[in-house]
Amino acid sequence: MGLLDDLSGPADLRTLDDDQLETLATEIREKCINAVATHGGHLGPNLGVVELTIALHRVFESPRDRIIWDTGHQSYVHKMLTGRAADFDGLRTEGGLSGYPSRAESAHDFVENSHASTSLSYADGFAKANAILGNNDHVVAVIGDGALTGGMAWEAINNIAADKDRRLVIVVNDNGRSYTPTVGGLANHLANLRTSPRYEPTLDKIKDRLSRTRVVGPPTYEALHAIKKGLKDALAPQGMFEDLGLKYLGPIDGHDREAVERCLSQAKKFDGPVLVHVLTTKGQGYDLAVENENDQMHQAAPFDRTTGDAVSVPPVSWTSVFRDEVVRIADERADVVAVTAAMLFPVGLDAFADKFPDRVYDVGIAEQHAVTSAAGLAMGGLHPIVAVYATFLNRAFDQVLLDVAMHRCGVTFVLDRAGVTGDDGASHNGMWDMSLLQIVPGLHLAAPRDGSQLRELLRESVEIDDAPSVVRFSKGAVPADIPACERIGTVDVLSRDAATDVLMIAVGSMAGVCAAAAEKLRAEGFGITVVDPRWVKPLDPAVVELARTHRVVVTVEDNGRVGGVGSTIALALQDAAVATPVRVHAIPQEFFAHAKRDVILERVGLHPDAIAFDTLGALRGNAGRP
């Protein structure tokens, strides 16, 4: 039994001495490494916040004081210190601990955030609520330097700084090593002075006293203020934050727990917004993570903790197919450029960047800016490819609609991790995009069924220069190619019987599921036509004509059921006076708990057995799910 096993909650931390706290930090790192080595997850960020998290929970009294993490993937240590250490053997497994804060797990978790740059807005709201309700609690927002690249964070800072009486502490977890920490007694003294509750009244008295002196007074006060600020600015580049109205402390070595505690204690004493700048190292305490050149093991698949190597060779993924093909396209077309939002490696643009570094733009966590900047690139004569996770395009929908589509800009969007992603929980599921994008006038939307189709549709997409185009694909391994037996217009026919009982429309990665369901129906004696529309927007009229000749239409997609491809096809048939009934199989509009992708898909009925059962019911007049 170690110290971590004996902790019942954060209050126990305040009973430990320095040696015990150092031992605890080592135990926490060991548990993090073992859990992520077994199940995968975010390792580097959590190893980097061990001392910071211990200090936060020793200085503040969670859950009375609210601690909000941005983004939530750096909350593993927080979870251990709030009574969940024993549950880490089930990290990111169905029924086990989430990889992000979870209000269902603990009263210490307030925001289930895996989208970056949101914590300061939540904190602003919490602090305003405290003021109205007369609460004296503190609100602490822990935000990474990466998340500070998001515009939403700066909108929040602008509002937070406007109210000098809010008990709100912003902790910037800076692991980008943009500059070295300030050291020395003068820096510490100025930090204490700037955040002392007695500082502002003292400064006001000095101003009042000096202002009474004719001629010399006011200029002297302003000169003293300028000298004081100039000395501080010479030691650390905090001027931008102070100019916005925030008290600034730091930079502090985030792995010196005692220094962090002293700094946080000073911040807590000041009854107004304070920014604490903490320098940390991703992967701290695990050399294999620190030395990882790509991302310091930011997100790791299960690995051998001795070597850092993955325990299994990952199969060829959708992302890797895109990675290779986009470089080939860039080789052929000098006008093709790429844009991403702090996701260069995850979305597969790293090879493009290696070969054409001047043609790739990583804008930070700023999806809205990425999309409108891409519109400008298109207007300027280039063809931009914007590659992001499908769930993150939600943040830039207005820009897609009005900045790109309304201006008929030739921008290609590549949406990775579309549909159910699984392990990372509700906010990472990319199940909203086809519903949102269906309402954008003029937009072209493709869903490839396999690697060959991804290559083909990506090439077709970049040829569209007068409208936005989208190519979306799933997380994980790319399936074996599914050949078409014929093409009608832009629609691929995957299999076809003489009898025309069922038209099964397979969208993207659901092609394999539909092929298996079709075989089950054929075994019952029915004739099945399976088609892949390839382009689901605009819908090829061939789909409507095929529907006219069949008894039942079945649509299958890994997107939300409301407003998706199935709904669009049903409306198209209605508009064309085609009376063939439509059975829509898609994802219910729910926030799903983390589980493996295949488990969730089967649970929601995107499985051959469920689809075949429902279709048999439609053919026999008693449609329903098993």
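A brief look at the structure comes next.

**Considering the overall build of the protein chain**
Working step 1: Scanning the protein chain for helices and strands turns up 25 helices and 18 strands.
Working step 2: Residue burial in the protein chain is summarised as follows: out of 626 residues, 56% are buried.
Working step 3: Counting only contacts in the protein chain whose residues sit at least 6 apart along the sequence, the fraction spanning at least 24 positions is 76%.
Working step 4: When the accessible surface of the protein chain is summed, it comes to about 25500 Å², and 53% of that surface belongs to carbon and sulfur atoms.

**With respect to helix 23 (residues 565–575)**
Working step 1: Residues Val565, Gly566, Ile569, Ala572 and Leu573 constitute the buried set of helix 23. Along helix 23, the residues classed as buried sweep out an arc of 120° about the axis, all on the same side. Opposite the packed face of helix 23, turned more than 90 degrees from it, sit the exposed residues Gln574 and Asp575.
Working step 2: Packed against the buried residues of helix 23 are helix 19 (433–437), strand 14 (502–506), strand 16 (535–537), helix 22 (541–548), strand 17 (552–560) and strand 18 (582–587).

**Some details on the sheet that holds strand 10 (residues 444–446)**
Working step 1: With mixed pairing, the seven strands of this open sheet are ordered in space as 7-6-8-9-11-10-16. Of all strands in the sheet, those with a lone pairing partner are strand 7 (360–362) and strand 16, marking the two edges. In this sheet, neighbouring strand axes are inclined to one another by 20° on average, regardless of whether the strands run parallel or antiparallel.
Working step 2: Pairing of strand 8 (residues 383–389) with strand 9 (residues 412–416) involves five bridges; the strand directions are parallel. Across the sheet, residue Tyr389 finds its bridge partner in strand 9, namely Asp416.
Working step 3: Sitting on the sheet, helix 16 (residues 367–379) is in contact with strand 6 (336–340), strand 7, strand 8 and strand 9, with an inclination near 165° to strand 8.

**Side note on the pairing of strand 5 (residues 274–279)**
Working step 1: Taken across its six residues, strand 5 has six buried, putting it largely inside the fold.
Working step 2: Because side chains alternate across strand 5, one face comprises the buried residues Val274, Val276 and Val278, and the other comprises Leu275, His277 and Leu279, equally buried.
Working step 3: Inspection of the sheet shows strand 3 (residues 168–174) paired to strand 5 by six bridges, in the parallel sense. Directly across from Ile170, in strand 5, lies its bridge partner Leu275.
Working step 4: As paired strands, strand 4 (residues 247–253) and strand 5 are joined by five bridges and run parallel to one another.

**Quick look at the sheet that holds strand 18**
Pairing between sheet strands relies on hydrogen bonds along the backbone, with the strands arranged either parallel or antiparallel.
Working step 1: Read from one edge of the open sheet, six strands run 12-13-15-14-17-18, paired in mixed fashion. Unpaired on one side and paired on the other, strand 12 (486–488) and strand 18 mark the two borders of the sheet. Within this sheet the neighbouring strands show an average axis-to-axis angle of 25°, counted without direction.
Working step 2: Sitting on the sheet, helix 22 touches strand 12, strand 13 (491–496), strand 14, strand 15 (528–532) and strand 17, and the angle it makes with strand 14 is about 155°.

**Quick look at the pattern of salt bridges**
Working step 1: Here the structure, examined in full by the defined rule, presents 46 salt bridges.
Working step 2: With its nearest N and O atoms 3.1 Å apart, the salt bridge here joins Asp163 to Arg166.
Working step 3: You can call Asp163 partly exposed: its relative accessible area is 25%.

**Some details on empty space enclosed by the protein**
Working step 1: This model, assessed by the stated rule, comprises three cavities of 30 Å³ or more.
Working step 2: Volume-wise, the largest cavity comes out at about 40 Å³.
Working step 3: Forming the boundary of the largest cavity are Ala447, Pro448, Arg472, Phe473, Ser474, Val507, Gly508, Ser509 and Asp558.
Working step 4: Of the residues assigned to the lining of the largest cavity, the class counts are four nonpolar, three polar and two charged.

**Topic: the nonpolar core**
Working step 1: Of all hydrophobic cores here, the largest spans 54 residues; its most connected members are Leu24, Leu56, Val171 and Val276.
Working step 2: With nine residues, the single largest contributor to this core is helix 2 (residues 18–39).
Working step 3: Here Val171 is in contact with Leu52, Leu56, Val140, Ala141, Val142, Ile143, Leu264, Val276 and Val278, once residues within four sequence places are set aside.
Working step 4: Formed by 48 residues, the second largest nonpolar core is a distinct cluster that contains Leu415, Ala418, Val507 and Ala572.

**Topic: the side chain of Ser474**
Working step 1: With respect to the helices and strands, the residue Ser474 is situated in the loop between strand 11 (469–472) and strand 12.
Working step 2: The buried category is assigned to Ser474, whose relative accessible area is 4%.
Working step 3: Polar contacts involving the side chain of Ser474 include one to the side chain of Asp558, which spans 3.4 Å.
Working step 4: Polar contacts involving the side chain of Ser474 include one to the side chain of Arg597, which spans 3.3 Å.

The rules we used
Residues numbered from 1 in each chain as written. Predicted model: local features only at pLDDT ≥ 70, side-chain atom pairs only at ≥ 80, totals over all residues. Heavy atoms only, no water. Helix = DSSP H or I, 4+ residues; strand = E, 2+ residues; numbered from the N terminus. Buried < 20%, exposed > 50% of the residue type's maximum accessible area, 1.4 Å probe, protein only. Contact = heavy atoms within 4.5 Å. Areas by Shrake-Rupley, 256 points an atom, 1.4 Å probe, with all protein chains shown as cover. Arc of directions from axis to C-beta. Pairing = 2+ DSSP bridges. Axes fitted to C-alpha atoms, helices over the stretch in contact; angles between N-to-C directions. Salt bridge = Lys/Arg side-chain N within 4 Å of Asp/Glu carboxyl O. 1 Å grid on protein atoms, 1.4 Å probe; cavity = no way out; pocket = protein on both sides within 12 Å on 5 of 7 lines; lining within 4 Å. Points joined across faces, edges and corners; volume = space filled by probe spheres on them. Nonpolar A, V, L, I, M, F, W, Y, C, P; charged D, E, K, R; others polar. Core = buried A, V, L, I, M, F, W, Y, C linked by side-chain atoms within 4.5 Å. Polar contact = N/O pair within 3.5 Å; in protein donor to acceptor, adjacent residues only side chain to side chain.

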